[in-house]
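Next come the chains, spelled out residue by residue.
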Amino acid sequence: MTTPPHYRVWPRRLPHHITPPATSLWHNLAVSALRYPDKPATVFFGQRTSYATLLRGAERLAAFLQQCGVAKGDRVLLVMQNCPQLVLAHFAILRADAVVVPVNPMNRAGELAHYLRDTGARVALTSGELAAELAASSNQQPPEHRLAHLVVTQYSDAFDIHASGDDAPPAIWHEWLYTRHPLPVLEGGATHAWEHALHTTTPPAPSTA
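What this report covers is the structure whose coordinates are included nearby. It should be emphasised that the depicted structure is a prediction, and the values quoted were computed from it without experimental measurement. (Residues numbered from 1 in each chain as written. Predicted model: local features only at pLDDT ≥ 70, side-chain atom pairs only at ≥ 80, totals over all residues. Heavy atoms only, no water.)

Comments concerning the sheet that holds strand β5 (residues 123-127)
Two strands in a sheet stick together by hydrogen bonds in their backbones, pointing the same way (parallel) or opposite ways (antiparallel). Put simply, the test is: Paired strands are those between which DSSP finds at least two bridges. Numbering goes from the N terminus for both helices and strands, where a helix is a DSSP run of H or I of at least four residues and a strand is a run of E of at least two. Axis geometry follows a simple rule: fit a line to the C-alpha atoms, using only the stretch in contact for helices, then measure angles between N-to-C directions, giving values from 0 to 180 degrees. In what follows, residue pairs with any heavy atoms lying within 4.5 Å of each other are defined as contacts.
The strand order across the open sheet formed by five strands is β4-β3-β5-β6-β7, and the pairing between neighbours is parallel. Of all the strands in the sheet, the pair left with one neighbour each is β4 (99-102) and β7 (190-193). Ignoring which end each strand starts from, the neighbouring axes of this sheet average 25° apart. By the bridge criterion, four bridges tie strand β3 (residues 75-79) to β5 in an arrangement that is parallel. Looking at the pairing, leucine 77 lines up with alanine 124 of β5. Contacting β3 and β4, helix α4 (residues 109-119) runs over the sheet at an angle of about 165° to β3.

Re the pattern of salt bridges
Here is the rule: Salt bridge, as applied in this entry: a Lys or Arg side-chain nitrogen positioned within 4 Å of an Asp or Glu carboxyl oxygen.
Under the counting rule described, the total for this entry stands at four salt bridges. With a shortest N-O distance of 3.4 Å, arginine 108 and glutamate 133 are connected by a salt bridge. Residue arginine 108 is located in the loop between β4 and α4, and its partner glutamate 133 is located in helix α5 (residues 128-139); the two are separated by 25 residues in the primary sequence. For the salt bridge of arginine 146 with glutamate 187, the shortest nitrogen-to-oxygen distance reads 3.9 Å. Highlighted residues: arginine 146 in the loop between α5 and β6 (149-153) and glutamate 187 in the loop between α6 (174-178) and β7, separated in sequence by 41 residues. One salt-bridge network, held together by shared partners, links Asp157, Arg180 and Glu195.

Note that all results are geometric; they support no functional claim without further evidence.
Below, the structure is given as C-alpha cells:
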C-alpha cells in the first residue's frame, strides 16, 4: 500500500486514522447530565446552565417540535448567533430524531429562500433580531415551501438583564441583547415564543435514532 504523500509533513503526535464514536451526540449529553448534573454546560454573561437543566430544556423543546409535526429525518432550520439557545436548540432537534440545518445568521431573505426550498424544512428556530427576515423569506415562497412553525427566542431569555460588574454585557451591546423583538407574522403558519415552547410538559416520544 502506497503511503499518502501528505504523511511526510503529518504531525507526529496525530494518528493517521480515527475511530468514530459509537454513541450519538444526544447520548453524550444524557451521560454528561447523569455524571455531572450540576456542572455548567454553558455560561452566558454570568448565567450558568447546568447539564441537567440543558437536558431538560432540550427534551421539552424536542417535545414541542414533535407537536409541530417534526418527525424522524425532517430538516429543521437553526438560524442564530452563538448563544445558549443555539446549543439547546441543536440538541432538541437531535432528540426529536430530526436533522439540524445550521444557517449563517448573516443570510438575507433571498439567501434564506434557498434553505427553505432545498431542505423542505417546515419548522425553524431563530432569534428575535433575525425572525422578521426569515419570516419575510418564508412569506415570499409558494405554500409548499413556506414554514409552518417558527420558534423565536430573545437573547435576554438566557441571562439576567440586571447583571452588573464583570457579568454584565458591554454597554454597546445593550440594545442588541436586551431588545425583545415582536414575533413576526408567518403566512400560512404560526410563530411561537421560546418560553412557550419550553413550557411543554408532555415528554418527547422515545428516540428511534
